[in-house]
Amino acid sequence: MFQEIIQGLSRKLNIIEAQAHCDIPCKVYDPISAQLASLSVIRFFDLIEELQKKQSLSTNEQANLIRLIGQKEVHAEKVKDEIRIIWGDYFKAPQLATHPDTHQLSHQIMQTASACKQQSNREKGEELLQLVNNFAECFWQTKGVATYRAICPYPPQEETVYTDLKEDR
Amino acid sequence: MKNLFGIKIARVRGHSMYPSFLDQDLVVCLNSPLLKPKKGQAVLVEHPVFGLILKRIHNFSGLNPKKLQLVGEHSDSSSTETMGWIDNNQIVGRVLLRIRHQKNHR
């Protein structure tokens, strides 16, 4: 009775809507984009280092150096974006219960990626890749997908986590 | 939404606040400067991107207690990060009463 009165009244009150909306649960998440961006950051460190060894730079080389520094920052930011999306949208209570270190790991990635933007230090790039690899392993564990580590078959030829989709699950 | 002496009534659309609030439920909300927002409270918020939304207060900024984050109850809700930091004055009402829609009674 109370329900009917309220609902009937509500029709006369011109009530507008409060959205309890949802993200589209597309479920398409993969840390490989972050891993590739991390590898790119290391590659840019190497290319910058090659230019730094020269006594002097031509105009073209100076322009190239500026591009490399800019792209290093773009890719470090891409790492942050990709990890943030997976951490913020995919990881929920069940995944965090089994992988409680995810918050700390994600935060370390944010900090290290920022350090890669600020500095020209290859070791920071290696550290970033290692953290992103750890994140990738953590992510695939939550989905029950096996992984392995191998040297990527292109520069900078660093150890990278890959999914082993042929393994019986 | 009707504002009756600080009382607002809104109809819930969507499922992000399941199981507390279901699609088509009505919520009666009070907006008063005397009421301090508290963690866990269900609130109506005028969001700059999503419009008028119903969420719960997730936490407050350690630096600025007037800044807060929101959270949905269902796993498919927009994430806290997506909704971003909310200013206290974007809260347009605190839920006092929920009225289930007939279709949600089992």
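Residues numbered from 1 in each chain as written. Chains lettered and ligands numbered in written order. Predicted model: local features only at pLDDT ≥ 70, side-chain atom pairs only at ≥ 80, totals over all residues. Heavy atoms only, no water.

All right, on to the confidence of the model for chain B then. All names here are of chain B. On average, chain B scores 86 in pLDDT, and the residues at 70 or more come to 92%. Taken element by element, chain B is modelled with least confidence in strand β1 (residues 2-4), mean pLDDT 48, and with most confidence in strand β6 (residues 67-71), mean pLDDT 95. Overall fold confidence for the complex sits at a pTM of 0.56, while the interface term, ipTM, reaches 0.71. (pLDDT = per-residue confidence, 0-100. Helix = DSSP H or I, 4+ residues; strand = E, 2+ residues; numbered from the N terminus.)

Time to look at the packing of helix α3 (residues 59-90) of chain A against helix α6 (residues 122-142) of chain A. Residues and elements named next belong to chain A. At a minimum axis separation of 12 Å, α3 and α6 run at an interaxial angle of 25°. The orientation of α3 relative to α6 falls into the category roughly parallel. Between α3 and α6 lies a crossing of left-handed hand. Contacts between α3 and α6 involve Val 79, Ile 83, Ile 86, Trp 87 and Tyr 90 from the former and Leu 128, Val 132, Phe 135, Phe 139 and Thr 142 from the latter. Along the lines of polarity and charge, the residues of the contact of α3 with α6 split into 9 nonpolar, 1 polar and no charged. (Axes fitted to C-alpha atoms, helices over the stretch in contact; angles between N-to-C directions. Parallel < 35°, antiparallel > 145°, perpendicular 65-115°, else oblique. Left-handed = near helix turned anticlockwise from the far one by under 90°. Contact = heavy atoms within 4.5 Å. Nonpolar A, V, L, I, M, F, W, Y, C, P; charged D, E, K, R; others polar.)

The next point concerns the side chain of Arg 100 of chain B. Residue and element names in this part refer to chain B. Here Arg 100 shows up in the segment after β8 (91-99). By relative accessible area, Arg 100 is classed as buried at 16%. Looking at Arg 100, its side chain comes within polar contact range of the main-chain oxygen of Pro 19, at 3.2 Å. (Buried < 20%, exposed > 50% of the residue type's maximum accessible area, 1.4 Å probe, protein only. Polar contact = N/O pair within 3.5 Å; in protein donor to acceptor, adjacent residues only side chain to side chain.)

Residue and element names in this part refer to chain A. Running from amino to carboxyl end, helix α2 (residues 32-52) crosses α6 at an angle of 170°, the nearest separation of the two axes being 9 Å. Between α2 and α6, the angle is such that the two are roughly antiparallel. Contacts between α2 and α6 involve Ala 34, Gln 35, Ser 38, Leu 39, Ile 42, Phe 45 and Asp 46 from the former and Arg 122, Gly 125, Glu 126, Leu 128, Leu 129, Val 132, Asn 133 and Ala 136 from the latter. Here the contact of α2 with α6 is composed, by residue class, of 8 nonpolar, 4 polar and 3 charged.

All names here are of chain A. Helix length check: helix α5 (residues 102-118) (17 residues) gives 24 Å between terminal C-alpha atoms against 24 Å at 1.5 Å per residue, within 8%. Among all positions in α5, only Thr 102, Leu 105, Ser 106, Ile 109, Met 110, Thr 112, Ala 113, Ser 114, Ala 115 and Cys 116 are buried. Where α5 is buried, its residues contact α2, α3, α4 (93-98) and α6. (Expected span 1.5 Å × (residues − 1).)

What follows deals with the pattern of salt bridges. The full count for this structure, using the stated rule, is 15 salt bridges over all chains. One salt bridge in this structure joins Glu 77 of chain A and Arg 84 of chain A, with 3.4 Å as the shortest N-O distance. Classification of Arg 84 of chain A as partly exposed rests on a relative accessible area of 25%. In this structure, the salt-bridge partner of Arg 56 of chain B is Glu 73 of chain B, at a minimum N-O distance of 2.5 Å. Residue Arg 56 of chain B is located in strand β5 (residues 51-60), and its partner Glu 73 of chain B is located in the loop between β6 and α1 (80-83); the two are separated by 17 residues in the primary sequence. Its relative accessible area of 22% is what places Arg 56 of chain B among the partly exposed residues. Since its relative accessible area comes to 28%, Glu 73 of chain B is described here as partly exposed. Each of the salt bridges in this network shares a partner with another, and the network as a whole consists of Asp 46, Arg 122, Glu 126 and Glu 158 of chain A. (Salt bridge = Lys/Arg side-chain N within 4 Å of Asp/Glu carboxyl O.)

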